[in-house]
Amino acid sequence: MTSPTDSAGHVPPRGTEPEENPLAEGMAALANVGWQILLTMGLATIALGVVALVWPGATLRVVGILFGVYLLATGVFQLAAAFGTHVPRHLRVLHFITGAASILLGLICFRGTLESLLLLALWIGFSWLLRGTTETAAAASAPAMPGRGWHVAFGIIGALAGIVMIVMPFASIATLTLVVGVMAIILGLTEVVRAIRTRVEIGQLASGTATQRRPLFHARPRPQH
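Every value quoted in this text rests on a predicted model; they were computed, and no experiment measured them.

Cut-offs and rules
- Residues numbered from 1 in each chain as written.
- Predicted model: local features only at pLDDT ≥ 70, side-chain atom pairs only at ≥ 80, totals over all residues.
- Heavy atoms only, no water.
- Helix = DSSP H or I, 4+ residues; strand = E, 2+ residues; numbered from the N terminus.
- Buried < 20%, exposed > 50% of the residue type's maximum accessible area, 1.4 Å probe, protein only.
- Contact = heavy atoms within 4.5 Å.
- Areas by Shrake-Rupley, 256 points an atom, 1.4 Å probe, with all protein chains shown as cover.
- Expected span 1.5 Å × (residues − 1).
- Arc of directions from axis to C-beta.
- Axes fitted to C-alpha atoms, helices over the stretch in contact; angles between N-to-C directions.
- Parallel < 35°, antiparallel > 145°, perpendicular 65-115°, else oblique.
- Left-handed = near helix turned anticlockwise from the far one by under 90°.
- Nonpolar A, V, L, I, M, F, W, Y, C, P; charged D, E, K, R; others polar.
- Core = buried A, V, L, I, M, F, W, Y, C linked by side-chain atoms within 4.5 Å.
- Lys, Arg positive; Asp, Glu negative; His and termini not counted.
- Salt bridge = Lys/Arg side-chain N within 4 Å of Asp/Glu carboxyl O.
- Patch = residues over 30% accessible without salt bridge, like charges linked within 9 Å, V, L, I, M, F, W, Y side chains within 5 Å.
- Phe/Tyr/Trp six-rings, centres within 6.5 Å; stacked < 30°, edge-to-face > 60°.

Engineer: Could you clarify how one ought to interpret the overall build of the chain in this entry?
Structural biologist: What the chain contains, in helices and strands, is 7 helices and 0 strands. Counting all 225 residues of the chain, 21% fall into the buried class. Counting only contacts in the chain whose residues sit at least 6 apart along the sequence, the fraction spanning at least 24 positions is 72%. With the model as given, the accessible surface of the chain reaches about 16100 Å², and the carbon-plus-sulfur share is 72%.

This is the structure we're talking about:
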């Protein structure tokens, strides 16, 4: 003779309901922190872009000081590498010369805003010229290179931009500051939109998981008398 509970099927005892997965909770917390960091970075990038557009002179002064600090730090590391025991003798001379030159240029940057901006513009100009020339030569000497035409075009544009930066350093660096400000605002808005979309997707995922949870209390069939 079967009991009423047997005919109703197996009922799991209390306390055996599935618990929340710790890994899923950790991933949810990580995603929640991620969109907040992305939103903060986006807002900070927008603020930097606005500052660069509204106060370009002050921005250039700060950039010049940071460039001087960068040259000083690079020079110190180069000098430290020159006296390393694992460095060959011919590389020691090169490290010492580049380190001393970097420190000297860094000290010149702290003499005034014009000196720092001039050195920064020349640094960027020669870098673009060297990179553009190298990319153009590499693409011209490799007929089988994928996207060869694009590499040649970008190389020529980079070389020309480097020449303009060298010939007109102050006007070019001011224009570059405005371009960087606009690009920073666009990048910041993109990051803010990504953060909002990530937050919406996390909310949808959390609501979908909540609808799939089992009830905490199962209805027990009452015995029939």
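Read on, since the account is not over.
Engineer: For this particular structure, what's the right way to read helix α6 (residues 148–167)?
Structural biologist: Residue pairs three or four apart in sequence face the same way in an α-helix, which turns once every 3.6 residues. Between its first and last C-alpha atoms α6 spans 29 Å; for 20 residues at 1.5 Å apiece the expected length is 28 Å, and the two agree. Those residues of α6 not exposed but buried are Gly-155, Gly-158, Ala-159, Gly-162 and Met-165. Down the axis of α6, the buried set is contained in an arc of 125°. They therefore lie on one face. In α6, the exposed residues that point more than 90 degrees away from the buried face are Gly-149, Trp-150, Ile-157, Leu-160 and Val-167.

Engineer: What is the right way to look at the packing of helix α3 (residues 56–82) against helix α4 (residues 89–109) in this model?
Structural biologist: Any two packed helices are characterised by the angle at which their axes cross and by the distance between the axes. Relative orientation of the contacting elements α3 and α4 amounts to 155°, with a least axis distance of 7 Å. In terms of orientation, α3 and α4 fall into the roughly antiparallel class. Along this stretch, α3 crosses α4, giving a crossing that reads as left-handed. Contact with α3, carried on its side by Gly-64, Phe-67, Gly-68, Leu-71, Leu-72, Thr-74, Gly-75, Val-76, Gln-78, Leu-79, Ala-81 and Ala-82, involves Arg-92, His-95, Phe-96, Thr-98, Gly-99, Ala-100, Ser-102, Ile-103, Leu-105, Gly-106, Leu-107 and Cys-109 of α4 and no other residues of that element. Residues that form the contact of α3 with α4 fall into these classes: 13 nonpolar, 10 polar and 1 charged.

Engineer: Before we go on, may I ask you to explain the packing of α4 against helix α5 (residues 113–140) in this structure?
Structural biologist: Running from N to C, α4 and α5 cross one another at 135°; their axes reach a closest spacing of 7 Å. Classified by the interaxial angle, the pair formed by α4 and α5 is oblique. Here Leu-105, Ile-108 and Cys-109 of α4 lie close against α5, whose contacting residues are Glu-115, Ser-116 and Leu-119. The residue inventory of the contact of α4 with α5, partitioned by class, reads 4 nonpolar, 1 polar and 1 charged.

Engineer: Please explain the nonpolar core as it appears in this structure.
Structural biologist: Across soluble globular proteins, nonpolar side chains have a tendency to be buried as a group. Judged by nonpolar contacts, Leu-60, Phe-67, Leu-71, Cys-109, Leu-117, Leu-119, Leu-120, Ala-121, Ile-124, Met-165 and Ile-173 together constitute the single largest core of 11 residues. Top contributing element to this core by residue count: α5, with 5 residues. Not counting the four nearest positions on each side in its chain, Ala-121 is found in contact with Met-165, Pro-169 and Ile-173.

Engineer: Would you explain the side chain of Glu-191 in this entry?
Structural biologist: Turning to its location among the elements, Glu-191 is positioned in helix α7 (residues 169–211). Of the side chains with opposite charge, Arg-194 lies nearest to the buried Glu-191, which makes no salt bridge, at 5.9 Å. If near-sequence neighbours (up to four positions away) are discounted, Glu-191 is found in contact with Leu-38, Met-41, Gly-42 and Thr-45.

Engineer: Before we go on, may I ask you to explain a nonpolar patch on the surface in this structure?
Structural biologist: Together, Val-50, Val-51, Leu-53, Val-54, Trp-55, Leu-178, Val-182 and Ile-186 line one region of the surface with nonpolar side chains, adding up to about 680 Å² of accessible area. The set of elements that each furnish at least two residues to the nonpolar patch consists of α2 (22–54) and α7. Here the nonpolar patch gets 4 residues from one element, more than from any other, and that element is α2. Structurally, Leu-53 can be placed in helix α2.

Engineer: Just checking my understanding: could you explain the side chain of Thr-59 for this structure?
Structural biologist: With respect to the helices and strands, the residue Thr-59 is situated in helix α3. Residue class for Thr-59 comes out buried when judged on its relative accessible area of 15%. Apart from residues no more than four positions distant in its own chain, Thr-59 is found in contact with Val-51, Ala-52 and Thr-177.

Engineer: What's the story with the packing of aromatic side chains in this structure? I'm lost.
Structural biologist: In this description, an aromatic ring pair is defined by two values, namely the gap between the centres and the angle between the planes. Under the defined criterion, the tally for this structure stands at 5 aromatic pairs. Consider the rings of Phe-67 and Trp-123, whose centres lie 5.6 Å apart with planes at 75°: the pair is edge-to-face. Placement of Phe-67 in helix α3 and of Trp-123 in helix α5 is noted, with a sequence separation of 56 residues between them. Take Phe-67: its relative accessible area is 7%, and that puts it in the buried class. Linked through ring pairs, Phe-67, Tyr-70 and Trp-123 together constitute an aromatic cluster.

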